[in-house]
Amino acid sequence: ERIKREGSKKKSFGGGKKGGKRKNQIKRVVSQRKIKPNLVGFLANDDPAAKQYAEHTASSCKEIGLDFKLVQVDKDALKSNIIKANSDKNINGIMVYYPVFGNHIDYTLRNSVDHLKDIEGLAHNAVNSIYHDPSKKKILPCTPLAIIKILEYIGQYKNSLVHGDRLKGCTVTIINRSEIAGRPLAAILAKEGAIVYSVDKYNVQKFTKNDILDTDLEYTQVVPKSDIVITGVPDANYKLPSNLLKPGVIAINFSTYANFESDITSKASYFVPSVGKVTVAMLKRNLLKLYDYQNNLNY
Ligand code: NAD
């Protein structure tokens, strides 16, 4: 992933020195421990972005010695495939490329993944712990986790502080409230002390450490006061007007489409145009964690 810092050359996140170091660390752990955790990905939609994500996951896993098997299935056969994979001792992690049905059935699918194989941290129990009891969280959803790692890398998420204070004083706007990305991300950032405005097609919600409230605010009112703006709008025509952004904003886009205008780098102190590669790195991290949980090594 490329991180553009105002007035400097492009800095690399996933592929640069630090990203490479992280990849090598996972590779070293896998080879030193002589383990080969096994991940299965179920692709039941025809979204080209999901396919690309799956292909990148496959090559990235192979590179560091993890087994990844991509299984293309019919939507209606997905649940039975998940149930089969739940009881297959040779499978350590299960992931599903969402949206599948794009409605409540996806919620049921997320919950049919065994919690010890839920590499994406998207089943009800995992997500619920983010909202209610973060101390119990074991596996965080990969996209929110990738965004936290990016914020940590650029020094905005302060790992040296205690949990609860790591984003204290920060105002964040997230334009996306999906169950797999925007909503859990808003909750996690708010639990670290940020004030988070969560924008979707219909309204703006305010997330704080202990509350989630509907507001009468418009996105045009919350974006200008935000230190961090994160976009995930799945629409090629959507562009967030740069003139709304606070100078020096940290701008992160996780949508497949470019949600910021092309002059974003002249407004932002950091601009991250996509988070896919870091997300795959987090998938691998979660896979190793699950492997240890399954073998009672760290549970
Ligand atoms: P989704 O359709 O489930 O959710 C989209 C969200 O955006 C909804 O909350 C919707 O209300 C909101 N939205 C849509 N149009 C809007 C508008 N005009 N103004 C404000 N809000 C608007 O989609 P999703 O699964 O969250 O994925 C969103 C995008 O992010 C896709 O392009 C997807 O490929 C990408 N994605 C990337 C990663 C990654 O790289 N790690 C992970 C997940 C999703």
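See the structure above.
A few points on the structure.

1. Focus: the overall build of the protein chain
At step 1: For the protein chain, the count of helices and strands is 10 helices and 12 strands.
At step 2: The burial tally for the protein chain puts 49% of its 299 residues in the buried class.
At step 3: In the protein chain, the proportion of contacts linking residues at least 24 apart, taken out of those at least 6 apart, comes to 60%.
At step 4: Roughly 14700 Å² of accessible area belongs to the protein chain as shown, and the carbon and sulfur atoms make up 49% of that amount.

2. Some words on the site of the ligand
At step 1: Near the ligand you find 18 residues, and of these Asn-176, Arg-177, Ser-178, Thr-256 and Thr-279 are the closest.
At step 2: One of the side-chain nitrogen or oxygen atoms of Thr-256 is found 2.7 Å away from an oxygen atom of the ligand.
At step 3: Here a nitrogen atom of the ligand and a side-chain polar atom of Thr-279 are 2.8 Å apart.
At step 4: Contact with the protein chains covers 75% of the free accessible surface of the ligand, which is 860 Å².

3. Here we look at empty space enclosed by the protein
Sizing a probe to match a water molecule and rolling it over the atoms shows the empty space that remains.
At step 1: In the structure shown here, the tally under the stated rule is one cavity of 30 Å³ or more.
At step 2: Counted as a void, the largest cavity has a volume near 30 Å³.
At step 3: Residue lining of the largest cavity: Ile-94, Val-96, Tyr-98, Arg-110, Val-113, Asp-118, Glu-120 and Leu-122, and that is the complete set.
At step 4: In terms of residue class, the lining of the largest cavity is built from five nonpolar, no polar and three charged.

4. Some remarks on the pattern of salt bridges
At step 1: Tallied over the full model, the rule gives five salt bridges.
At step 2: One salt bridge connects Asp-292 with Arg-33, and the closest N-O pair in it is separated by 2.7 Å. Here Asp-292 is found in helix α10 (residues 276-294), whereas its partner Arg-33 is found in the loop between α1 (17-32) and β3 (38-43), with 259 residues between them in sequence.
At step 3: Residue Arg-33 is classed as partly exposed on the basis of its relative accessible area, which comes to 35%.
At step 4: The shortest N-O distance in the salt bridge between Lys-149 and Glu-152 comes to 3.8 Å. With Lys-149 and Glu-152 both in helix α6 (residues 142-153) and three residues apart, this pair spans about one turn of that helix.

5. Focus on the sheet that holds strand β4 (residues 67-72)
At step 1: As summarised here, the arrangement of the three strands in space is β4-β3-β5, forming an open sheet in which the pairing is parallel. Single-partner strands in this sheet number two, and they are β4 and β5 (93-96). Averaged over all pairs of adjacent strands, the angle between strand axes in this sheet comes to 20°, irrespective of strand direction.
At step 2: Pairing analysis gives four bridges linking β3 to β5, with the strands arranged parallel. Residue pairing in the sheet places Val-40 in a bridge with Ile-94 of β5.

Each value, and the rule that gives it
Residues numbered from 1 in each chain as written. Predicted model: local features only at pLDDT ≥ 70, side-chain atom pairs only at ≥ 80, totals over all residues. Heavy atoms only, no water. Helix = DSSP H or I, 4+ residues; strand = E, 2+ residues; numbered from the N terminus. Buried < 20%, exposed > 50% of the residue type's maximum accessible area, 1.4 Å probe, protein only. Contact = heavy atoms within 4.5 Å. Areas by Shrake-Rupley, 256 points an atom, 1.4 Å probe, with all protein chains shown as cover. Near = heavy atom within 4 Å. Polar contact = N/O pair within 3.5 Å; in protein donor to acceptor, adjacent residues only side chain to side chain. 1 Å grid on protein atoms, 1.4 Å probe; cavity = no way out; pocket = protein on both sides within 12 Å on 5 of 7 lines; lining within 4 Å. Points joined across faces, edges and corners; volume = space filled by probe spheres on them. Nonpolar A, V, L, I, M, F, W, Y, C, P; charged D, E, K, R; others polar. Salt bridge = Lys/Arg side-chain N within 4 Å of Asp/Glu carboxyl O. Pairing = 2+ DSSP bridges. Axes fitted to C-alpha atoms, helices over the stretch in contact; angles between N-to-C directions.

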